[in-house]
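# Observations on chain architecture
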Amino acid sequence: MPLSLNVDAERWRARAQTVIDGSSSTVVPVTKGNGYGFGNPTLAIEASKLGVSTIAVGEYEEIGDVIPGFGGDALVLSPWRPWISTPDASLADHVIHTVSRLDDLRTLAATGNRPRVVIEVLTSMRRHGIDLAELPATGEILADVQFEGFAFHLPLAGDHSAEVRTLGQRALAAARDAGIDTAPIWLSHVTPSVADTLAGDLGADVRLRMGTSLWLGDRSLLRAQSTVLDLHEVRRGDRYGYRQRRAGRGGVIAVVSGGTAHGVALEAPAPATSLRQRGISLAKGGLEAFGRTLSPFRVAGKQCWFAEPPHMQCSMIWLPAGEAVPGVGDELDVDVRFTTTYFDDVTFAE
Ligand SMILES: *Cc1c(COP(=O)(O)O)cnc(C)c1O
């Protein structure tokens, strides 16, 4: 039985639609990595229902996962590099490249296929982007590509409106020098209202790339659940698990679905087993003093202890004698980080 994600479908879809419709900028849904827990192919289908024309993926490898279900265009967020193999001819028209180096822009322009490109401009993030000083040099190259606008990737910390305004004006001025009146500005991590203000200030359309706040904006509509696979009563002194630890007292070991392969509890601290470590843990408040860490699994609303560190597919959790014991096949709520969890099963319940 699986580790599953249950979605309150009607409300979740309505919420996403409200996010799209409520923004006067064009929202570009982002799906990448583990597809925010849903999986990229699933979010591609959901994005198509939202009526958007463009989505964004993280990597070139992800294009094939989304185009069949989506059908529209896909912006690739990771900047193009010379070692990237060209997408299939059937997909090429749907792919918008992000270009973050002048040399790469020249190389793409020289292909003669007029690929679709967004130029990423370096921001205070200092990750990828063409430096402002080099923007004028892009002008003459733009005629050999289908120019789709400028992108700014902003830090999460702080207000970066002023930075976008300055960079945006300079970038649009460079485009005007190349005979392009205006161009869309692609932004991330700004609120729709800030995006609207910036669109007005710059006299440009804003494309708002949005993942977390679109898909995971209301966690109450998402329920991660594990299944109880096995229950074993243990008495004080009984050994159990890979580590053959002894039970300090009587209770029940519950074997539940969800392990490291699903990304469950990857952040759990290693068990403190040595006497010295136990001493340290005791001094820190005793949470790990007996080689135990709190698990993300809940029984009757209460967070349970791991009996030992999670295995690949399942976990062993400890239910002390006297506490509620679920039945085999029962589902338990799990606290997960959606961007690092791989569910076996995603269910949209109507
Ligand atoms: C991942 C990513 C996003 C989406 O980020 P969220 O925080 O999930 O909305 C937007 N823009 C860029 C450039 C990204 O890499």
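Residues numbered from 1 in each chain as written. Predicted model: local features only at pLDDT ≥ 70, side-chain atom pairs only at ≥ 80, totals over all residues. Heavy atoms only, no water.

### Let's talk about the site of the ligand
The immediate surroundings of the ligand are formed by Val-30, Lys-32, Tyr-36, Leu-77, Arg-127, His-153, Ser-188, His-189, Met-210, Gly-211 and Thr-212. In this structure, Tyr-36 approaches the ligand through a side-chain N or O atom, which is 2.6 Å from an oxygen atom. Gly-211 is positioned with one of its backbone polar atoms (N or O) 2.8 Å from an oxygen atom of the ligand. Taken atom by atom, the bulk of the ligand overlaps the largest pocket. Along the lines of polarity and charge, the residues of the shell around the ligand split into four nonpolar, five polar and two charged. (Near = heavy atom within 4 Å. Polar contact = N/O pair within 3.5 Å; in protein donor to acceptor, adjacent residues only side chain to side chain. 1 Å grid on protein atoms, 1.4 Å probe; cavity = no way out; pocket = protein on both sides within 12 Å on 5 of 7 lines; lining within 4 Å. Sits in = over half its atoms within 2 Å of the grid points. Nonpolar A, V, L, I, M, F, W, Y, C, P; charged D, E, K, R; others polar.)

### Some points on the sheet that holds strand 9 (residues 206–210)
Taken in spatial order, the eight strands make up an open sheet running 2-9-8-7-6-5-4-3, and their pairing is parallel. Bordering the open sheet on either side are strand 2 (26–29) and strand 3 (54–57), each of which pairs with just one other strand. Taking each pair of neighbouring strands and ignoring which way they run, the sheet shows an average axis angle of 30°. Two strands pair when backbone bridges link them, and strand 6 (residues 116–121) and strand 7 (residues 146–152) are joined in this way by six bridges, in the parallel orientation. Its bridge partner lying in strand 7, Ile-119 is registered against Phe-150. (Pairing = 2+ DSSP bridges. Helix = DSSP H or I, 4+ residues; strand = E, 2+ residues; numbered from the N terminus. Axes fitted to C-alpha atoms, helices over the stretch in contact; angles between N-to-C directions.)

### Some thoughts on the packing of helix 7 (residues 161–177) against helix 8 (residues 192–202)
Their axes nearest at 10 Å, the elements helix 7 and helix 8 cross at an angle of 35°. Considering how the two elements wind past one another, helix 7 and helix 8 form a crossing that is right-handed. Touching Ser-161, Val-164, Arg-165, Gly-168, Gln-169 and Leu-172 of helix 7 are Val-194, Leu-198, Asp-201 and Leu-202, all from helix 8. (Left-handed = near helix turned anticlockwise from the far one by under 90°. Contact = heavy atoms within 4.5 Å.)

### With respect to helix 8
For helix 8, the full list of buried residues reads Ala-195, Leu-198, Ala-199 and Leu-202. For helix 8, the angular spread of the buried residues around the axis is 105°, confining them to a single face. Here the buried face of helix 8 lies against helix 7, strand 8 (185–188) and strand 9. Phi for Gly-203, located one or two positions after helix 8, is positive at around 60°. (Buried < 20%, exposed > 50% of the residue type's maximum accessible area, 1.4 Å probe, protein only. Arc of directions from axis to C-beta.)

### Considerations on the packing of aromatic side chains
Enumeration over the complete set of coordinates arrives at seven aromatic pairs. Geometrically, the ring pair formed by Trp-12 and Phe-348 is edge-to-face, given 5.6 Å between the ring centres and 65° between the ring planes. With a gap of 336 residues between them, Trp-12 in helix 1 (residues 9–21) and Phe-348 in strand 18 (residues 345–349) connect regions that are remote in the sequence. Each of the two residues, Trp-12 as well as Phe-348, counts as buried. (Phe/Tyr/Trp six-rings, centres within 6.5 Å; stacked < 30°, edge-to-face > 60°.)

### As for the pairing of strand 16 (residues 314–320)
The element strand 16 is extensively covered by neighbouring structure, given that seven of its seven residues are classed as buried. Across the two faces of strand 16 the burial is the same, with Cys-314, Met-316, Trp-318 and Pro-320 and Ser-315, Ile-317 and Leu-319 all buried. In the sheet, strand 13 (residues 251–257) pairs with strand 16 via seven bridges, with the strands oriented antiparallel. Opposite Ser-257, over in strand 16, you have Cys-314 as the bridge partner. Of the strand pairs in this sheet, strand 15 (residues 302–306) and strand 16 are connected by two bridges, and their pairing is antiparallel. Each residue of the ladder has a partner; that of Trp-305, found in strand 16, is Trp-318.

### Thoughts on the environment of Ala-9
With respect to the helices and strands, the residue Ala-9 is situated in helix 1. For the pair formed by Ala-9 and Val-76, sequence separation is 67 residues and the distance between their alpha carbons is 28 Å. Leave out the neighbours within four places in its chain, and Ala-9 touches Phe-348, Ala-349 and Glu-350.

### Let's talk about the layout of surface pockets
There is about 720 Å³ of room inside the largest pocket. Lining the largest pocket we find 30 residues, and of these Val-30, Lys-32, Tyr-36, His-189 and Gly-211 sit closest to its centre. For the lining of the largest pocket, the secondary-structure elements that each account for two or more residues are strand 9 and helix 9 (212–215). Residues that form the lining of the largest pocket fall into these classes: nine nonpolar, 15 polar and six charged. (Points joined across faces, edges and corners; volume = space filled by probe spheres on them.)

### Focus on the side chain of Arg-209
Within the secondary structure layout, Arg-209 lies in strand 9. Buried charge without a partner: Arg-209 forms no salt bridge, and the closest opposite charge is Glu-120, 5.3 Å away. One polar contact links Arg-209 to Ser-188, side chain to side chain, over a distance of 2.8 Å. (Lys, Arg positive; Asp, Glu negative; His and termini not counted. Salt bridge = Lys/Arg side-chain N within 4 Å of Asp/Glu carboxyl O.)

These results come straight from atomic positions and should not be treated as a statement about function.
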